[in-house]
Amino acid sequence: MFKLMEFCGDDIRLDEKNISERISRECRRSGLRPEGVAAVGDALTVICSSNSAAGCYQYRLSPLAEDSKDALHAELRCRYDYGFRTVGAFHLADGIWLLTEKEEDF
């Protein structure tokens with residue numbers, strides 16, 4: 001199965017937590033897992049396909065505090081150290097954002 005989820009930058013900036021929860025719920029409901037992201041203008045497309053991995057995942061959108069290569073590398077490393085997998089990094093009108101994934105603990 002293949003699905004594209006689209007979100008506008010204003011909605012992400014207004015309530016990143018709610019959009020993150022929508023991605024997580026839809027993936028759980030349909031058995032999908034994001035495999036990447038694409039941003040055009042100020043819109044985000046989350047590219048999803050069938051989830052062949054066992055487990056349930058939580059997805060999180062988060063803005064990068066600084067718009068620099070060093071800041072991006074540090075943030076990616078920090079999230080990796082805390083158990084997050086990076087689905088993608090993308091640029092919206094206000095800067096760089098990340099979509100990360102972490103397996104839920106039950």
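Residues numbered from 1 in each chain as written. Predicted model: local features only at pLDDT ≥ 70, side-chain atom pairs only at ≥ 80, totals over all residues. Heavy atoms only, no water.

Asker: Sorry, what's going on with the overall build of the protein chain here?
Answerer: Counting its regular elements, the protein chain contains 3 helices and 6 strands. When its helices and strands are written in sequence order, the protein chain yields β-α-α-β-β-β-α-β-β. By the compact-globule yardstick of 13 Å for 106 residues, the protein chain fits well, its C-alpha radius of gyration being 13 Å. Counting only C-alpha atoms, the protein chain reaches 35 × 30 × 20 Å along its principal axes. The burial tally for the protein chain puts 38% of its 106 residues in the buried class. Intrachain contacts of the protein chain at a sequence separation of at least 6 include 61% that bridge at least 24 residues. (Helix = DSSP H or I, 4+ residues; strand = E, 2+ residues; numbered from the N terminus. Rg over C-alpha atoms; globule rule 2.2 N^0.38 Å. Buried < 20%, exposed > 50% of the residue type's maximum accessible area, 1.4 Å probe, protein only. Contact = heavy atoms within 4.5 Å.)

Asker: Where do I start with the environment of Asp-70 in this structure?
Answerer: Positionally, Asp-70 belongs in helix α3 (residues 69–81). Asp-70 sits 25 residues away from Thr-45 along the chain, and the two C-alpha atoms are 25 Å apart.

Asker: Any chance you could explain the packing of aromatic side chains here in plain terms?
Answerer: Here a ring pair, both rings aromatic, is described through the centre-centre distance and the interplanar angle of the planes. Scanning the model with the defined rule gives 0 aromatic pairs in all. Its end group placed over the ring of Tyr-57, Arg-33 keeps NZ or CZ at 4.2 Å from the ring centre. (Phe/Tyr/Trp six-rings, centres within 6.5 Å; stacked < 30°, edge-to-face > 60°. Lys NZ or Arg CZ within 6 Å of the ring centre and 35° of its normal.)

Asker: It is not clear to me how the sheet that holds strand β3 (residues 43–50) should be interpreted in this structure. Could you clarify?
Answerer: Backbone-to-backbone hydrogen bonds join strands into a sheet, with any given pair of strands oriented parallel or antiparallel. Strand order in the open sheet formed by 3 strands is β1-β3-β2, and the pairing between neighbours is antiparallel. A strand with exactly one partner marks an edge of an open sheet, and here the two such strands are β1 (2–8) and β2 (32–40). Averaged over all adjacent pairs, the angle separating strand axes in this sheet is 25 degrees, with direction ignored. Sheet topology places β2 next to β3; 8 bridges connect them, and they run antiparallel. Bridge pairing in β3 links Arg-33 to Ser-49. Seen against the sheet, helix α2 (residues 16–30) touches β1, β2 and β3 and runs at an angle of roughly 165 degrees to β1. (Pairing = 2+ DSSP bridges. Axes fitted to C-alpha atoms, helices over the stretch in contact; angles between N-to-C directions.)

Asker: Can you help me understand α3 in this one?
Answerer: Three- or four-residue spacings in an α-helix give side chains the same orientation, since the helix completes a turn every 3.6 residues. Between its first and last C-alpha, α3 extends 18 Å over 13 residues, near the 18 Å set by a 1.5 Å rise per residue. When α3 is considered as a whole, its buried residues turn out to be Ala-71, Leu-72 and Arg-79. Viewed end-on, α3 has its buried residues packed into an arc of 100 degrees, placing them on one side of the element. Residues of α3 that are exposed and point more than 90 degrees away from the buried face comprise Lys-69, Asp-70, Arg-77 and Tyr-80. (Expected span 1.5 Å × (residues − 1). Arc of directions from axis to C-beta.)

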